[in-house]
Each structure stands twice: as structure tokens, then as C-alpha cells.
Amino acid sequence: MEYRFPEGFVWGAATAALQVEGALDADGRGPSVWDVFCREHPERIFGGVTPAVACDHYHRFAEDVRLMKEFGLTGYRLSIAWPRLFPTGDGPLNEAGAAFYHRLFDALTAAGIEPHVTLFHWDLPQALAERGGWENPATVAAFVAYAQTCFRLFGDRVRRWATFNEPSWMILNGWLTGLHPPAWRDPAAAVRVSTAVLGAHARAVRAFREGGHLGAIGIVLNLSPVYPATERPEDATAAQRADGILNRWFRRPVLHGSFPEDIWALYEDCRIAPALTPDDRQALAEARPDFLGVNYYYPHHAVADAAETSFHLNITGDRREDCVFALAGLFRFVKNPTGRYTDWGWEIYPEGLYDLLKNINEERPDLPLFVTENGIGLADRVVDGRVDDQARIAFVREHLQAVHRAIAAGVPVRGYFLWSLLDNFSWLNGYRKRYGLFFVDRLTLRRIPKASAFWYREVARANGF
Ligand code: BGP
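Cut-off values and rules
Residues numbered from 1 in each chain as written. Predicted model: local features only at pLDDT ≥ 70, side-chain atom pairs only at ≥ 80, totals over all residues. Heavy atoms only, no water. Phe/Tyr/Trp six-rings, centres within 6.5 Å; stacked < 30°, edge-to-face > 60°. Helix = DSSP H or I, 4+ residues; strand = E, 2+ residues; numbered from the N terminus. Buried < 20%, exposed > 50% of the residue type's maximum accessible area, 1.4 Å probe, protein only. Lys NZ or Arg CZ within 6 Å of the ring centre and 35° of its normal. Near = heavy atom within 4 Å. Nonpolar A, V, L, I, M, F, W, Y, C, P; charged D, E, K, R; others polar. UniProt positions renumbered as here; feature names shortened; annotations may be inferred. 1 Å grid on protein atoms, 1.4 Å probe; cavity = no way out; pocket = protein on both sides within 12 Å on 5 of 7 lines; lining within 4 Å. Contact = heavy atoms within 4.5 Å. Polar contact = N/O pair within 3.5 Å; in protein donor to acceptor, adjacent residues only side chain to side chain. Expected span 1.5 Å × (residues − 1). Arc of directions from axis to C-beta.

(A) A look at the packing of aromatic side chains. Tallied over the full model, the rule gives 47 aromatic pairs. Note on F370 and F417: the rings are 6.3 Å apart at their centroids and 50 degrees apart in plane angle, and the pair reads as tilted. Here F370 is found in strand β14 (residues 369-373), whereas its partner F417 is found in strand β15 (residues 413-419), with 47 residues between them in sequence. There is no split in this pair, since F370 and F417 are both buried. Taken together, W82, F86, F120, W134, F143, Y146 and F164 form an aromatic cluster joined through their ring pairs. The residue whose ring lies beneath K335 is Y341, and the NZ or CZ to ring-centre distance is 4.6 Å. Between the NZ or CZ atom of R442 and the centre of the ring of Y431, over which it lies, the distance is 3.7 Å.

Okay, structure coming up:
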């Protein structure tokens, strides 16, 4: 075997509540901002679809856990839907919603699959959004209370907690590009929300420690490495800025409890620097994570000349459409002329994952890392009852090789969670962009293991390939 992984390495797959559960109105669940956004703006979602059914995991979780076991997974990353536990965000616990997660964690425990649980994967209760969302300190308090409830209810079976999934991507799209709810384009608000969310993370970590709960707590960050597109010094500066705004602004407070000085100064110049209370600073300084979850899909290549601010995300899977991301006067991302791209315009660059893991490790040498998401969206099809997704196998193999290199170089990477277990509701991409080990038939919701599922099972069993 060429690539043997360390003993106990977690072979997992990941999902998120809104993307797989469906059953949005079942058993007293309240609406989330995404339910409302999809209902009100079908034109923004590919195919005008909604997450109302998704994979119907809410009713089919037992089958899904059986499949995980049968296909050799040792870990499952999932998120809890806050509006299932607290339909309006705070108030009394919805016991029926909690009962679903009791059933799910019982099934995972019985199957010997370790749950890695994210508390917040973007499905903010709509009622909180209507009261000012993250900018209202009551939302932060409600989040901490919700987190404490989860620790108390599920802590006997869940020992791995992540507070937030990808705050950077959520805030970038919710408050800057306007692509995700609440669909604002307001840089000052984006910065304010970023510190509110980081503060909520820190306070949830504090509550976990003060509660004396067993296990580990961390956060999941999306960290796309940013490379200068040319050797021009101005492009190097642009890359550093982009990295600062998108990555370091989130990574530094999480790892070191302080904000990057260059970006703070930039926000001051733009008069959008946030106001932090002494308690914000203290909570962040104390909230050292036990591990960091890293989501990696693609790198960026930056140039300095950005005359205007513009954003475009390819949600059609039409290769002729390019993704656009530019912030006037700061940076613009360009395509890598020699790069390989998916149909949705995401570059395939396994080396980026190695760079990322290595960099984080240099910054925090002993911090255990998990690759909490990595995968490829394809327009998979069933032919003669089978899904032969060789492109996914190649993608995962190359990225696992990068992880293996990082481990060999001394980086403590403890597990890999493929995005995703199931073809699911891919946010703006609707259902066409498929990521699963298991194909989900949109009419019958039948699960069909893809070639990648059989391949991944062998890798998990052999602990390498
Ligand atoms: C991450 C999210 C996931 C997942 C993935 C793929 O940003 O955490 O929820 O969806 O990206 O992205 P997409 O589904 O938009 O292609």
C-alpha cells in the first residue's frame, strides 16, 4: 500500500441539516432563513427548487446510518438544525425536534460511527433574523443557550463539537455579495456580523468549558489559499489582502484570539472597523479550540487591478460560465490558465490542501486538524443502474494524497470527511450539482451507491490505498 494513514484516522462523510433532512414543518420545527429565502426567491436557486424534501433524511436516517456502516465509514459529520430544537430561536425546547437527534445519535452509536456535530450550518431561525439576526446580542445569547442545550442533551454520545460552519463564506455571501440570505450588500454590516459570530463562537466554547463537558470543541473554517496570479508585487499585495479579508480575519481570532492588524487597519481606513467590547476580546482570547475543521474545495489567484466590485457564482454547471469575484480597489480573482476546473468553475488543485494544512500547522504546531469538507460537484447520472463517478474517485484520491503528504510532514490531521454522504440540496445550485457517495434519485429518493462509495469503502477498510 502506497498511502497508509495513521491508526485511528477517521474516514468520514459530511452533511448539513438543511441540505439533507427535508421535513421542514415536521414535529414543530420552525422556519429558518433558508426556508424563507428559497420560497421567496426561487429565481435565485437553480431550477427554482427548495430544501423542503432534500434527501428526506429526517425520515430515512436509519437507512442512511445503515449505509454508512455498510460502506465502512467511521465518522459522520452532521449539523443540528437550531429551529428544530427552538422553533423561534429561543423559548422552550421543542422536545419532538430533540427526539429526532436522540434517535439519530443512538443509531450512530449503535453502528459504531463517531458523530462530529456542527451546531450552526447557516439555518438561523427566521424569528431571530426578524429581530435583527446576528447584529442583535439576543441572537448571540440564544445561540449560546441552544449550544448548552445540545451539550446537555447529546453530550453522552457526541464528543466532537464544532460551533460554526464556514462563518467567512456565510458572511461573505449573506452581507457582501448578496447571494445568500439576508442578501445584503453592506461591507460595514458584514464586518459587524463577523465579530458577532466570532463572539458567539467564543462564548459557546466558554460555555462548553464552564459546563465541564467531556470531549472536544472547535470550529469549521473555509480556507481557500490565495496565490498571487503573477509575480508583480502589486498582485502579491492583492493576494495578501484577499487572504486577510476572507481567511485570516476568521482564522486569526480563532487560533490566537486577536484580529490581523493589516485588515483591521484597512477596515479603519474604510471606516468599517468593528467595535469590540472588553468581554468580546476576553472571550476570544480564552476560546482556544481543541481542533480546527478545515473545508477545502479550491484555491484563488489574485490580481490587483479591480476597477469595480462584482460577483458571480456559476450555479448552472455550464462550463462557459466563469465565477467572478472582485472588490474594487482591493483585488480580483482570475482563472488559472493552466488549471483544471469542474463544470461549476471550481479549480481542482490538491496542492492547495497541502499548503493549507502546512500553513495552519506552522501557525499552531500542535493543533489537531480535520478535513471537515472536501469533494467535487458533478452532474452524476445513472446508467444501467450504476453511477460510474471516476472523476470523483480521482479527485478524492489526489486530495487524500495531499493529506498524506501533510501528515508525513508532521501535520496532525486526524480525519477526512468527504462532502458529501448523499447528493443533497446544494444551496443556490439546487439539486443538479451532486456531491454524494450515494446518488439520490429525485423522484423516488432511492439511494444508489456510486463507484466512489465502493472505492472509499476499500480505502476506509485498508486505512489507505
Ligand atoms: C460548503 C458548505 C457545504 C457545501 C459545500 C459545497 O461551503 O459548507 O454546505 O454545500 O460548500 O458547496 P455547494 O453546495 O455550494 O457547491
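(B) Spatial organisation of the site of the ligand. Near the ligand there are 15 residues, and of these Q19, E166, S426, K433 and Y435 occur at the shortest range. When grouped by side-chain class, the residues that make up the shell around the ligand number 7 nonpolar, 5 polar and 3 charged.

(C) Expanded view of the UniProt feature "active site" (unreviewed entry) in the protein chain. The sites that carry the UniProt feature "active site" (unreviewed entry) are, in the present numbering, E166 and E373. Spatial clustering of the annotated residues is evident: they stretch over 208 residues in sequence, but the largest pairwise C-alpha distance comes to 10.4 Å. Lining of the largest pocket among the annotated residues: E166 and E373. Among the secondary structure elements, E166 is positioned in the loop between β4 (160-165) and α8 (167-176). Sequence-distant contacts of E166, defined by excluding residues within four places in its chain, comprise W122, V220, L221, N222, N295, Y297 and E373. For E373, the location among the structural elements is in strand β14. The residues contacting E373, other than those within four sequence positions of it, are A14, R77, H121, N165, E166, V294, N295, Y296, Y297, F417 and W419. Within the structure, E373 has its side chain in polar contact with the side chain of N295 (distance 3.0 Å).

(D) How the structure looks around helix α5 (residues 95-111). Here α5 spans 24 Å end to end across 17 residues, near enough to the 24 Å set by a 1.5 Å rise per residue. Of the positions making up α5, those classed as buried are G97, A98, F100, Y101, L104, F105, L108 and A111. Projected down its long axis, α5 carries its buried residues within an arc of 150 degrees, all on one side. Exposed side of α5, more than 90 degrees from the buried face: E95 and A110 are the residues found there. Of the surrounding secondary structure, the elements contacted by the buried residues of α5 are α1 (17-20), α3 (57-70), β2 (75-79), α4 (82-85), β3 (114-120) and α7 (137-154).

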